[in-house]
Amino acid sequence: MHDPAAPAPRPFALAESLDAFPESLRGGIVAIGNFDGLHRGHQAVLDAALTRAEAAGRPAFAMTFEPHPRSVFRPETPVFRLTPAGPKARLIRAAGLDGLLVLPFDRDFAARSADDFVGDILVDRLGVAEAVVGWDFHFGRGRGGSPAFLAAEGAARGFAVSVIEAFQDEGGGPVSSSRIRDALAAGELGLANGLLGYRWFVEGTVIHGEKRGRDLGFPTANVRLGADCRLAHGVYAVTFTVDGVQHLGVANYGRRPQFDNGAPLLETYVFDFKGDLYGRTVQIGFASYLRPELRFPSVDALVARMGEDCAEARAVLTAMGPGTALDRRLAELA
């Protein structure tokens, strides 16, 4: 992937509608996709757009869609979002692009023809010089627009099209959002992070809990994840970022079988931190899966195991270091 440790040559522009699209990005190279997870396959699409933009002296930007199309067409079975809008934008900025255009996705937008998407949006509104897409990208009413259709339209309308082939991991397996979701659900965090190319992270607002952790000597910052989250319940070594400062910690995601078996909650004990976090927006990065969530024979046994979890998390995080180049860039931009 393009080196995300290098600073972006221009300020990052975020536009959440066509009307807000900045003139500074017009005529640029656009990478188009849903990009949920922004995994290594998606990064290959962004990297191609960056490389072409640098060669042409043009801006590189991404176009994506919110909410996820499945939540529009099948709201009763919401998809486990790897990167909702905020984290996705942060990742695209960290990857080095100059901007991001987020198009609101609803049934009216989905009803637009593929020809209208190309002519009205790509040509008239954005004036793209080139579009870069993955091999499986489809668009327009009934998913009628294919990469081949886009290439033919580009040739006819005066813009280039690059199609990036399927990306495989080192073992020859597919790199896909669905495979990453399955890995996270199975507690296979190492596999998920390997496919992503960075540590999977969530962001949310710290809420009040039962304050049991404080009573046990391990005060936690509690964040409620989305109802669609399928992350395996268990204990994780994590990074915890607030106000641009990254800390280390250990987190439990689950139902607290020792106490109430309630709704799933992410509870993070932040090492060597003092301060009020209630109401603050934080980012929590998952570095390693330590163990499943358990019920112990006594609260004292739980407290003893929590101490062991802290020691293991500290050791793991120290050994792992700051992560990949993309992890480091994310930390710089937090």
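Each remark here, short or long, concerns the structure printed above.
Residues numbered from 1 in each chain as written. Predicted model: local features only at pLDDT ≥ 70, side-chain atom pairs only at ≥ 80, totals over all residues. Heavy atoms only, no water.

Caption draft 1: A look at the overall build of the chain. When helices and strands are tallied, the chain shows 11 helices and 12 strands. Rg of the C-alpha trace for the chain: 21 Å, near the compact-globule value of 20 Å for 334 residues, within the 12% margin. Considering only C-alpha atoms, the chain reaches an extent of 70 × 40 × 40 Å along its principal axes. A total of 334 residues make up the chain; the buried ones form 50% of that total. When contacts within the chain are restricted to residue pairs at least 6 apart in sequence, long-range pairs at least 24 apart make up 74% of them. For the chain, the accessible surface area stands at approximately 14,700 Å², while carbon and sulfur atoms represent 51% of it. Positive and negative side-chain charges in the chain, numbering 35 and 40 respectively, have mean positions lying 2 Å apart. (Helix = DSSP H or I, 4+ residues; strand = E, 2+ residues; numbered from the N terminus. Rg over C-alpha atoms; globule rule 2.2 N^0.38 Å. Buried < 20%, exposed > 50% of the residue type's maximum accessible area, 1.4 Å probe, protein only. Contact = heavy atoms within 4.5 Å. Areas by Shrake-Rupley, 256 points an atom, 1.4 Å probe, with all protein chains shown as cover. Lys, Arg positive; Asp, Glu negative; His and termini not counted. Charge placed at Lys NZ, Arg CZ, Asp CG, Glu CD.)

Caption draft 2: Up close: unusual backbone geometry. Residue E66 is joined to P67 through a cis peptide bond whose omega torsion reads -5°. On the secondary structure map, P67 appears in the loop between β3 (60–66) and α2 (69–73). Not every positive phi belongs to a glycine, and R143 is a case in point at roughly 55°. In this model, N261 sits at a positive phi of 50°, which is unusual for a non-glycine residue.

Caption draft 3: Molecular detail of the pattern of salt bridges. All chains considered together, the criterion is met by 21 salt bridges. R90 serves as the salt-bridge partner of E203, at 2.6 Å between the closest nitrogen and oxygen. Note that E203 is positioned in strand β7 (residues 201–205) and R90 in helix α3 (residues 85–94), a separation of 113 residues in sequence. Assessed through its relative accessible area of 28%, E203 is described here as partly exposed. Here R291 and D309 are joined by a salt bridge, their closest N and O atoms 2.7 Å apart. Of this pair, R291 sits in strand β12 (residues 281–292) while D309 sits in helix α10 (residues 299–320), and the two are 18 residues apart along the sequence. Judged by relative accessible area, D309 falls into the buried class, the value being 3%. (Salt bridge = Lys/Arg side-chain N within 4 Å of Asp/Glu carboxyl O.)

Caption draft 4: Representation of the pairing of strand β9 (residues 234–242). Of all the 9 residues making up β9, 9 are buried; the element is thus mostly covered by neighbouring parts of the structure. Pairing of β9 with strand β10 (residues 245–254) involves 9 bridges; the strand directions are antiparallel. Bridged to A237 within β10 is V250. Count of turn residues in the β9/β10 antiparallel hairpin: 2 residues, of which D243 carries a positive phi of about 55°. Looking at chain direction, β9 and β12 are connected through 8 bridges and run antiparallel. (Pairing = 2+ DSSP bridges.)

Caption draft 5: Structural context of the packing of helix α5 (residues 114–125) against helix α6 (residues 147–157). At a minimum axis distance of 11 Å, the contact between α5 and α6 shows a crossing angle of 50°. The orientation of α5 relative to α6 falls into the category oblique. With respect to the hand of their crossing, α5 and α6 are arranged in right-handed fashion. Contacts between α5 and α6 involve A114, D115, V118, G119, L122 and V123 on the former and, on the latter, F149, L150, E153 and R157. (Axes fitted to C-alpha atoms, helices over the stretch in contact; angles between N-to-C directions. Parallel < 35°, antiparallel > 145°, perpendicular 65-115°, else oblique. Left-handed = near helix turned anticlockwise from the far one by under 90°.)

The quantities given are spatial measurements derived from coordinates; they are silent on function.
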